[in-house]
Each structure stands twice: as structure tokens, then as C-alpha cells.
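Letter by letter, the chains look like this.
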Amino acid sequence: MRVKLLSAAAAALLLTCVCGSYSRTGVSSAATNATNSTILVEKAQSALTADLPVAKSEDNVQELQWRTYTSGEELRVMKDGLGQDDRIVKEVSLITGTSSGKIKVILYERTDDSIYVHAALVKDDTAYDLGAVAALSDEQVQIQDSFLFRKEVIKIQGAVGAAASMTRYIDIEDGVPKPLLLIDEGHASEYDVDHDGQEEVIASSGTIPSLSVYRLKDGRIERCQLNEALQADAVVMTEEGAVAAYFGQERVKLYWLKVEGLLKFAIYSREEFESDRFVTIPYTSDDVKRVREQADRQRIFDPYVPRQGIATDYSVEARSTTDREGVLQLSYPHFSVYESKTDLRPHDGGKPISGEKRYFPEFTAEWIEPVEGGGEWYVRLGSTYLSIVTAKPFDKEQLLYVIASLIPLEQVKPSDDSADVLPPLQITRDYLFALQAANEFAAAWAHRDPNSGLKWVTDEWKARQEPLELDAYFRGTSSPHHMTFELSGKRRVDERTYLFELRLYDDYAGQPDYVLGFPADYGRGGIIEVVKQGENERGEGIWRVNP
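Residues numbered from 1 in each chain as written. Predicted model: local features only at pLDDT ≥ 70, side-chain atom pairs only at ≥ 80, totals over all residues. Heavy atoms only, no water.

1. A look at the nonpolar core
Of all hydrophobic cores here, the largest spans 52 residues; its most connected members are Val 305, Leu 330, Tyr 332 and Phe 335. Sort the elements by how many residues they give to this core and helix α6 (residues 396-403) lands first, with 5 residues. With sequence-adjacent residues up to four places away left out, Phe 335 is seen in contact with Ile 281, Pro 306, Gln 308, Gly 309, Ile 310, Tyr 314, Leu 330, Ile 388, Val 389, Thr 390, Leu 399 and Val 402. Ranked by size, the runner-up nonpolar core spans 23 residues in total, among them Phe 433, Ala 434, Phe 500 and Val 545. (Core = buried A, V, L, I, M, F, W, Y, C linked by side-chain atoms within 4.5 Å. Buried < 20%, exposed > 50% of the residue type's maximum accessible area, 1.4 Å probe, protein only. Helix = DSSP H or I, 4+ residues; strand = E, 2+ residues; numbered from the N terminus. Contact = heavy atoms within 4.5 Å.)

Quick look at the structure:
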């Protein structure tokens, strides 16, 4: 699930209020070269970017000044509890810290404060004053268990204005609640901003968009205000997880935030950055149909396409590759995306080669350079393996931005306003038998029953698996153990093939929700293929699953 740091509508409103239109947060721009060349375009090159010097990526890493952040004083114990006339608004019981006693958070209105809602954290019989947590309004205060900086924490977030909120992170240390982080400069979210596998906290605020980052470094919390660091008029995060900085009305720069600093990889004029052809890749309904048809031929039933490109007018060509079976190639100006149902990474001795990794909410991107001067990013989304490569002078940071913009083909809204709606799924006898096969297969997985499950898979799929792997697929482990599933019909590819969306859920016994990432989409799975393998003596279709 993508973490949207600002909705497109909210960001557009903020930016329009300030300067007419900076950009649309959540609608990212192209990744243009800051390593081998700044912007290489064929048609839409502006005078602003044409004179930019060629630079190396390592020369574009800007070190940041991080300031130590202090969490403030310890929480005050409310010896007398709540006031007799204070009105309790809500009570929420929590899991964090329950190993050392019961914990709950109480929201209440004080008789001497007509502006704010207050909160108290109650552990066993001791109440701690958390102070004001939100303005008096109909806006709901969010109280939840969370995990931050490798700690179990309690997160309390409430609105204090039309575009502002207050967020508190409380750590239960040695059985005593202590303030870990208080953010009152805007809406706070947890996000792995530097893509190192550990979440930071970002705070976005203001009618002129401002962005601050809080991280844990060497045991202490540090803060960096990116507008100040970049001397930018406005700073937001794109939906791809990059930093976009606006300089006046004319220039936009894109950065990756890394542990060592900000790496600049693209520069645009505002017109280019906001163009629906220069940056955003438009797909017509015919484009969508061609990609889907070619993907079906390669048996890739959940294909992805990038929303963003590398700065030029765009077209897409979908075709099968001549040198690799079962691989779909999507060719765009400046780069190509490859997709397959099998791992595309190069192998050495039967094992996939590993490379540099960058972590995103929905995937891990891995950069592998089999030869000097060339390389590809490799990712897996759902059941589809993808890679991206270019033969032109665009570096890996630009390609990473493109691959971070990948979305399922079914989510594409055609630029020609055509509905491009697939034919509705018809309920036929064939569909019912195909659905039965999918359901029996998934039920066997949930019940950890390989004997039943193997009756419902194709011989071709079984032949590709090792015997022990087949048994382990259905039995799973004791913790997490197979729990349940969700199944829904997707579409009919041809007379012998149906697609179903199957999501499989595991359960970690005795673990709280935040360990699993709930309410995020934790179930694994994706699109499965159910194929007709003949008929029985009664003329009923025999359908089997290709997981």
C-alpha cells in the first residue's frame, strides 16, 4: 500500500494558495539525470534546463545539518486524577507496554479550557498528564499502538487547525511512560524517507508547504528542516518517496534523501514538471488494451506500468522479447520495463545475484550491475517480477524514480477519457467449476493440508516444485501459521483460463497488530490463473490452479 504523505487535492490546494501552482503532491514528476547529464530531452527542452552543467551523482549529495531534538520534560503524574467536572470524551485500551500493566488513554474536556481536548495516559492506577492533544472540534483524535525507532510506542494525533495537527509518540520505558516525540508543526507520518529499511517521521505543514524529517541516529533523535536546508520556497514529498523542492515560480528540483544527505537527480521548470505529457506518461485506451493483450500472451496477469517517465513526450510499445520466454517488454523513449512471472535477476550458480537495495513501502528495489557501466533495478510487485534498464545517459537514480511510480495496469485512467472497461464477468458453469478449484486450493492452504491442496493444482506447476517445497507450501510454519484467505473473480482471459485475485493471510500467535503492519494490506498473494484441463464423463470442466 502506498503511503500518501499529502493527498493530491490537499497539496494542490496548498500550493495554489501560495503561488498559483507549484505542483501536485502525490503526482510525481520524472526522474532526470543528475549523474551523467541533467536533462536530456528531444522535444520539450527549456532554456532554463538547457544550460545546466553536466554533473556526477556523487557531486550532488548535499550534506544536511541535523539538530538534536529533545522530547521535553517527563510526564506529570496526576495525583488526584481527572477533575470532578471534566467530561470524558473517549477511552482507548492499548497493547503497547501491557507486559508491565494495563494501559489506556482517556480523552477529556476540561472545564477551564474551552479550546482544546486533553488526554491522560492511565497505567494501572496511575494517571499521567499528556496535555492538550487536539482542538475542540468534530475531528477524530487518533490513538493507536505503533512502532517507531525500533520501539513500541503509543501514537496520539489530533487536529489543531484547518491544516495543522499535533502528534505525540509515547514510549513505555521500564514500565514508565515517557515522551519520545512531540510534533506540533504539521501533520506527522511514519515513512522510510531515506529508504534504508527503518522508518523516520516526516511532518508537512503550512500554506507554503514545509517538510521536516525526524530520525534516530546513534541513540538520539535528530530533526532536519528541509526548506531551510535547501533554501527552497516549498518542499513536499512525491508519491514515489522523493523530495521535491520548489524555487520561485520557475524551477523544481528532485532529490532522494539518503543517510549521507540529499542526492539531487532531476531539475525541471515548473511548466515541465506539471505537464501531463512531459513528465506524466499518458496512456490511451488502445495502449492499455495492447499492454493487456501482450501480457496475457506471456501469462503475466497482473502487469504494471510506470506513471512517470524521463522528460519527453511519451508513447509505449508492448511486445514479447525474442531472447527470453515469458517476458513482456514495455518500451518507452529512454528506457524499457521488463515483466515476468519468474525472477528476472541474473543468476550465478543457480542462485540470484544480489546488489544494492533501496526499501519502499510496497517493494524492495535492487540494483545489479553485471558489467561495469550497465545495470538494472529489479523489483517484485504482487506476483510479477520487473526490471528497468536504459541504454541512454540516464543514471540509476532517475530509473529508480520511474520504477517507484509503477502502478497496476488496471488502475490506469486512459488519457482519452475512454472507459476501457473489461467485459463484465459472466457467471457460467465453467466459472463455477473454476471458482470451486480456486476455493478448494485456498482452503487447503488455510487448513495446512497438502494432500487436499495438491489435488487442485496443475501437473505443470507441481513439476516445477521440489517435493519438500510442495509440502512446505501448504503446511507453512507454526508461527506465523496459515490463517485464512480472500478470493474474488477477476476476468476470463479465454475459453480455458480464468483469473482470480487471491490473498493469503498468516497469523502471528500472540502478536499485536502493529507487528503485522495492520491496518496495512498484509496478506500476500495476487492474481492466480485457473485453467481448464479437460472434462469428466458428465461433461463437467476439470479446472486446476496455477498459483
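2. A closer look at the pattern of salt bridges
By the definition in use, this model includes 33 salt bridges. Note that Asp 430 and Arg 492 form a salt bridge whose closest N and O atoms lie 3.3 Å from each other. With Asp 430 in helix α7 (residues 429-446) and Arg 492 in strand β31 (residues 481-494), this residue pair connects regions lying 62 residues apart in the sequence. Residues joined in a network through salt bridges with shared partners are Asp 343, Arg 345, Lys 357 and Glu 366. (Salt bridge = Lys/Arg side-chain N within 4 Å of Asp/Glu carboxyl O.)

3. Points about the packing of aromatic side chains
Scanning all chains against the criterion turns up 19 aromatic pairs. Put simply, the rings of Trp 256, Phe 265, Phe 360, Phe 363 and Tyr 401 touch in pairs and so form one group of aromatic residues. Sitting over the ring of Trp 456, Arg 544 keeps its end group 5.0 Å from the ring centre. (Phe/Tyr/Trp six-rings, centres within 6.5 Å; stacked < 30°, edge-to-face > 60°. Lys NZ or Arg CZ within 6 Å of the ring centre and 35° of its normal.)

4. Quick notes on the sheet that holds strand β23 (residues 335-340)
Reading across from one edge, β21-β22-β23-β29-β28-β27-β26 is the order of the 7 strands in this open sheet, with antiparallel pairing throughout. Each of the sheet's edge strands pairs with one partner strand only, and the pair in question is β21 (317-320) and β26 (356-359). Across the sheet, the mean angle from the axis of one strand to that of its neighbour is 20°, orientation sign disregarded. Relative to strand β28 (residues 376-381), strand β27 (residues 364-368) runs antiparallel, the two sharing 3 bridges. Looking at β28, one finds that Glu 366 is bridged to Tyr 378. Sitting on the sheet, helix α5 (residues 285-297) touches β21 and β22 (327-332), and the angle it makes with β21 is about 10°. (Pairing = 2+ DSSP bridges. Axes fitted to C-alpha atoms, helices over the stretch in contact; angles between N-to-C directions.)

5. Focus on the environment of Tyr 401
The topology assignment puts Tyr 401 in helix α6. Between the C-alpha atoms of Tyr 401 and Trp 256, which are 145 residues apart in sequence, the distance is 9.0 Å. A distance of 3.2 Å separates polar atoms of two side chains, one belonging to Tyr 401 and the other to Glu 240. (Polar contact = N/O pair within 3.5 Å; in protein donor to acceptor, adjacent residues only side chain to side chain.)

6. Notes on the sheet that holds strand β6 (residues 116-123)
Sheets are built from strands paired through backbone hydrogen bonds, the pairs being either parallel or antiparallel. Overall, antiparallel pairing links the 5 strands, which are arranged β3-β7-β6-β5-β4 in an open sheet. Only two strands of the sheet have a single partner each, and these edge strands are β3 (76-77) and β4 (87-94). Bridge count for β4 against strand β5 (residues 103-109) is 7 bridges, and the pairing is antiparallel. Among the inter-strand pairings, Lys 90 is bridged to a residue of β5, identified as Leu 107.

7. What about the side chain of Asp 302?
Structurally, the position occupied by Asp 302 is in the loop between α5 and β20 (304-306). For the buried Asp 302, which has no salt bridge, the nearest side chain bearing the opposite charge is Lys 341, at an N-O separation of 7.6 Å. Engagement of the side chain of Asp 302 in a polar contact is seen with the side chain of Ser 383, the distance being 2.9 Å. Setting aside its immediate chain neighbours within four residues, Asp 302 contacts Leu 381, Gly 382, Ser 383, Thr 384 and Ile 527. (Lys, Arg positive; Asp, Glu negative; His and termini not counted.)

8. Here we look at α6
Across the 8 residues that make up α6, a large majority, 7, are buried. Restricting attention to buried positions, one finds in α6 the residues Glu 397, Gln 398, Leu 399, Leu 400, Tyr 401, Val 402 and Ile 403.

9. Some thoughts on α7
One full turn of an α-helix is made of 3.6 residues, so residues set three or four places apart face in the same direction. Relative to the 26 Å expected for 18 residues at 1.5 Å per residue, α7 spans 26 Å between its end C-alpha atoms, a close match to the ideal helical length. Looking at α7, one finds that the buried residues are Asp 430, Tyr 431, Phe 433, Ala 434, Ala 437, Ala 438, Phe 441, Ala 442, Ala 443, Ala 444, Trp 445 and Ala 446. Positive phi appears at Arg 448, one or two residues downstream of α7, with a value of about 60°. (Expected span 1.5 Å × (residues − 1).)

10. Looking at the pairing of strand β15 (residues 220-225)
Judged from the 2 bridges that link them, strand β2 (residues 67-68) and β15 form a sheet pairing that is antiparallel. In the strand pairing of β15, Thr 68 is matched with Glu 222. Two strands pair when backbone bridges link them, and strand β14 (residues 210-217) and β15 are joined in this way by 6 bridges, in the antiparallel orientation. Within β15, the position partnered with Leu 216 by the bridge is Ile 221.

11. So, the confidence of the model for the protein chain
Model confidence for the protein chain is summarised by a mean pLDDT of 80, while 82% of its residues fall at 70 or above. Summarising per-element confidence for the protein chain, the mean pLDDT is lowest in helix α2 (residues 47-50) (30) and highest in β20 (95). Considering only residues more than four positions removed or in separate chains, one finds that residues 1-57, a stretch of pLDDT under 50, has 176 contacts. (pLDDT = per-residue confidence, 0-100.)

12. Examining unusual backbone geometry
Even without being a glycine, Asp 218 presents a positive backbone phi close to 55°. Along the chain, Asp 218 falls in the loop between β14 and β15. For Asp 218, a relative accessible area of 64% gives the class exposed. At Arg 299, a residue that is not glycine, the phi angle is positive and equals roughly 60°. One can find Arg 299 in the loop between α5 and β20. Take Arg 299: its relative accessible area is 28%, and that puts it in the partly exposed class.

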